[in-house]
Amino acid sequence: MAMALPLAYASSVVHPFEAGRLSFSTKATKHKKQIYQFRKVTKVLAYYGLTNPPYKLDALEPYMSRRTLELHWGNIHRGYVDSLNKQLANSPLYGCTMEELIKTTFNNGNPLPEYNNAAEVWNHDFFWESMQPNGGRLPWGGVLDQIEKDFGSFSNFRDEFVHSAMMLFGSGWVWLVLKTNERRLSIVRTSNALCPLVWGDIPIISLDMWEHAYYLDYKDDVSKYVNNFMDHLISWHSATARMVRTEAFVNLGEPKIPVA
Amino acid sequence: MALRTLFTKKALTRASGLGPLGAAAGDRGLGSGLGQARGLTAASLPDLPYDYGALEPAISGEIMRLHHQRHHQAYVTNYNNALEQLEAAVAKGDAPAVVRLQGAIKFNGGGHINHSIFWNNLKPEGGGEPPHSALGWAIDTDFGSLEALVQKMNAEGAALQGSGWVWLALDKGSKKLSVETTANQDPLVTKGLHMVPLLGIDVWEHAYYLQYKNVRPDYLKNIWDVINWKYASEVYEKETA
């Protein structure tokens, strides 16, 4: 690429073109060096973030107070997110989606240290979205049909859900899940941070039964909390959206194909 | 066994004199047939040896009242119910029912046992007096210092996921002290048949949430101001005699 310079010029004279190029490239090289150094210093990393509940913190009053949400979401949920990010900073588990991370760290029943934080982050996100202002009452359409099919009636389902919540010993969650293998809805109770995702089931609705979820508002009156959840907070809109998505993965029944 | 006396102590002292156990059960109107048939005395809520507000500012009066009158009472009530159902199931020879009731008995009975110990573990006004003599030496031997023990219990208590208890335990066999944790309402004996609780700290959220919100480490730091080392020493000396 270098032009063949007459020997006379070789060592003492710099060709003007080359000189110009030289000075230009020196600047460019310096600039490039700066960029590369910049890139070396700031490696771009992505972390899990704390998502906001889909409503204002006082929107669930009087069934769940703003103060409860400020603490539950703002301190506890946020704490799990921060702890998880700290754990993942130098971990080979960095870069998974949340659901992958939960399944991986669950490790078939011997959970890795990151499991608790990851699962609790997901569980709480799911929980906020399982509630809505002016919620409760009855589901409709496909969700109601499926509940009636799998529980006999909505009130059977409601009783079973409430009973399951009252029978939880210690901290945990109560879930309405779609069991992928049995292809039916079911109520599942889990302890501490356990999440039905690890069994490949698909959660539809969850209720946080850790004491921090209700103690400020209800003290020890668990029954009132659970009944208020069923009557005023549960989001059948979310349940419907989740069921719709589920049907892409689980065949819930034979389609009614009209005969020609 | 020490545990059984927890159940029967209040019953015996409350009954008029030491009449037959059937009469004692009848006095409280609690399944007198049950009492007469098998001599099983129902559990009852022990009184606190101090006022609800006496442990402030470490633990608020509101928490103590709810903890004692609502939570502990619920464990006692549900334990008694479970025992009655167990009686009936055993009498009928209904093995599945007997087995099914074990969860409720372990949880509610454990809750009763643990909280009965817990009320004795707390003492108002200068309860933070450090342990002396035998227990003090044992702590220094097994943990290095009292501070090290406190730090260890606080660390394990804060790290406990979900609900449970953190214990200063004495192994009756080896006479060694250790720090143990149990989940939910499992009593210490589930960690080892020879384990005796000297101190237990309730780290269920109901024990601190109203006052400390989610900052469990602050609760653990402050509770040492009202810990009853005298009781722990007495138990230690009795078990190592």
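Residues numbered from 1 in each chain as written. Chains lettered and ligands numbered in written order. Predicted model: local features only at pLDDT ≥ 70, side-chain atom pairs only at ≥ 80, totals over all residues. Heavy atoms only, no water.

Going by the annotation in an unreviewed UniProt entry, the name recorded for chain B is Superoxide dismutase, with Musa acuminata subsp. malaccensis given as the source organism. Reading the Cofactor (unreviewed entry) entry of the UniProt record for chain B gives the comment "Mn(2+)". One UniProt comment on chain B, placed under Subunit (unreviewed entry), says "Homotetramer." (UniProt positions renumbered as here; feature names shortened; annotations may be inferred.)

Looking at an unreviewed UniProt entry, one finds chain A named Superoxide dismutase and attributed to Musa acuminata subsp. malaccensis. Of the comments in the UniProt record for chain A, the one headed Catalytic activity (unreviewed entry) reads "2 superoxide + 2 H(+) = H2O2 + O2". You can read under Function (unreviewed entry) in the UniProt record for chain A the words "Destroys radicals which are normally produced within the cells and which are toxic to biological systems."

Let's talk about the packing of aromatic side chains
All names here are of chain A. Taken as a whole, this structure holds 25 aromatic pairs over all chains when the rule is applied. Considering the side-chain rings of Trp-122 and Trp-175, the 6.4 Å spacing of their centres and the 25° angle between planes classify their relative orientation as stacked. Note that Trp-122 is positioned in helix α5 (residues 113–129) and Trp-175 in strand β1 (residues 172–179), a separation of 53 residues in sequence. For Trp-175, a relative accessible area of 0% corresponds to the buried category. Feature note: the residues Trp-122, Phe-126, Phe-127, Trp-128, Phe-151, Phe-154, Phe-157, Phe-161, Trp-173, Trp-175, Phe-229 and Trp-236 constitute an aromatic cluster, connected by ring pairs. Sitting over the face of the ring of Trp-73, Arg-78 holds its NZ or CZ atom 5.4 Å from the ring centroid. Positioned over the ring face of Phe-126 is Arg-242, at 3.7 Å from the centre of the ring. (Phe/Tyr/Trp six-rings, centres within 6.5 Å; stacked < 30°, edge-to-face > 60°. Helix = DSSP H or I, 4+ residues; strand = E, 2+ residues; numbered from the N terminus. Buried < 20%, exposed > 50% of the residue type's maximum accessible area, 1.4 Å probe, protein only. Lys NZ or Arg CZ within 6 Å of the ring centre and 35° of its normal.)

Some points on the pairing of strand β2 (residues 184–191) of chain A
Residues and elements named next belong to chain A. For β1 and β2, the ladder comprises eight bridges, and the chain directions are antiparallel. In the strand pairing of β2, Val-177 is matched with Ser-186. Between β1 and β2, which pair antiparallel and follow one another directly, the connecting turn spans four residues, one of which, Arg-183, has a positive phi of 55°. (Pairing = 2+ DSSP bridges.)

Comments concerning the UniProt feature "domain: Manganese/iron superoxide dismutase N-terminal" (unreviewed entry) in chain B
Residues given the UniProt feature "domain: Manganese/iron superoxide dismutase N-terminal" (unreviewed entry) here are residues 44–122 of chain B. As annotated, residues 44–122 of chain B has a helix share of 75% and a strand share of 0%, and its two end C-alpha atoms lie 20 Å apart.

Describing the packing of helix α7 (residues 146–159) of chain B against helix α9 (residues 216–223) of chain B
Residue and element names in this part refer to chain B. The geometry of α7 relative to α9 is characterised by a closest axis approach of 9 Å and an angle of 150° between their N-to-C directions. Classed by the angle they form, the pair α7 and α9 counts as roughly antiparallel. Every pair of crossing elements has a handedness; the one defined by α7 and α9 is right-handed. Residue-level contacts link Asn-154, Gly-157 and Ala-158 of α7 to Arg-216, Pro-217, Leu-220 and Lys-221 of α9. Among the residues forming the contact of α7 with α9, the class breakdown is three nonpolar, two polar and two charged. (Axes fitted to C-alpha atoms, helices over the stretch in contact; angles between N-to-C directions. Parallel < 35°, antiparallel > 145°, perpendicular 65-115°, else oblique. Left-handed = near helix turned anticlockwise from the far one by under 90°. Contact = heavy atoms within 4.5 Å. Nonpolar A, V, L, I, M, F, W, Y, C, P; charged D, E, K, R; others polar.)

Digging into the UniProt feature "domain: Manganese/iron superoxide dismutase C-terminal" (unreviewed entry) in chain A
According to UniProt, the "domain: Manganese/iron superoxide dismutase C-terminal" (unreviewed entry) feature falls on residues 142–241 of chain A. Taken as a whole, residues 142–241 of chain A contains 45% helix and 23% strand, while its terminal C-alpha atoms sit 10 Å from one another.

Considering the domain arrangement of chain B
All names here are of chain B. Looking at the assigned domains, one finds that chain B contains domain 1 (61–121) and domain 2 (133–240). One C-alpha centre belongs to domain 1, the other to domain 2; they are set 22 Å apart. With 17 residues of domain 1 at the interface, the matching set in domain 2 holds 24 residues. Here domain 1 packs against domain 2, burying approximately 1600 Å² in sum over the two surfaces, 64% of which is carbon and sulfur. Of all residues in domain 1, Ile-63, Asn-114 and Asn-121 bury the most surface against domain 2, accounting for 38% of the area lost on that side. The tally of links from domain 1 across to domain 2 stands at one salt bridge. (Domains from an automatic or database assignment. Buried area = accessible area lost by both parts, 1.4 Å probe. Salt bridge = Lys/Arg side-chain N within 4 Å of Asp/Glu carboxyl O.)

A closer look at the UniProt feature "domain: Manganese/iron superoxide dismutase C-terminal" (unreviewed entry) in chain B
Within the UniProt annotation, "domain: Manganese/iron superoxide dismutase C-terminal" (unreviewed entry) is assigned to residues 132–234 of chain B. Helix makes up 42% of residues 132–234 of chain B and strand 22%, and the two end C-alpha atoms of the span are 11 Å apart.

A word on the sheet that holds strand β1 (residues 164–171) of chain B
Residues and elements named next belong to chain B. Reading across the sheet, the three strands line up as β2-β1-β3 and stay open at both edges, with antiparallel pairing between neighbours. Every interior strand has two partners, whereas the edge strands, β2 (177–183) and β3 (195–202), have only one. Neighbouring strand axes in the sheet, compared pairwise and without regard to direction, differ in orientation by 30° on average. Strand direction decides the pairing type here: β1 and β3, joined by seven bridges, are antiparallel. When the sheet's bridge partners are listed, Trp-167 is paired in β3 with Gly-200. Along the sheet, helix α10 (residues 229–240) makes contact with β1, β2 and β3, crossing β3 at roughly 165°.

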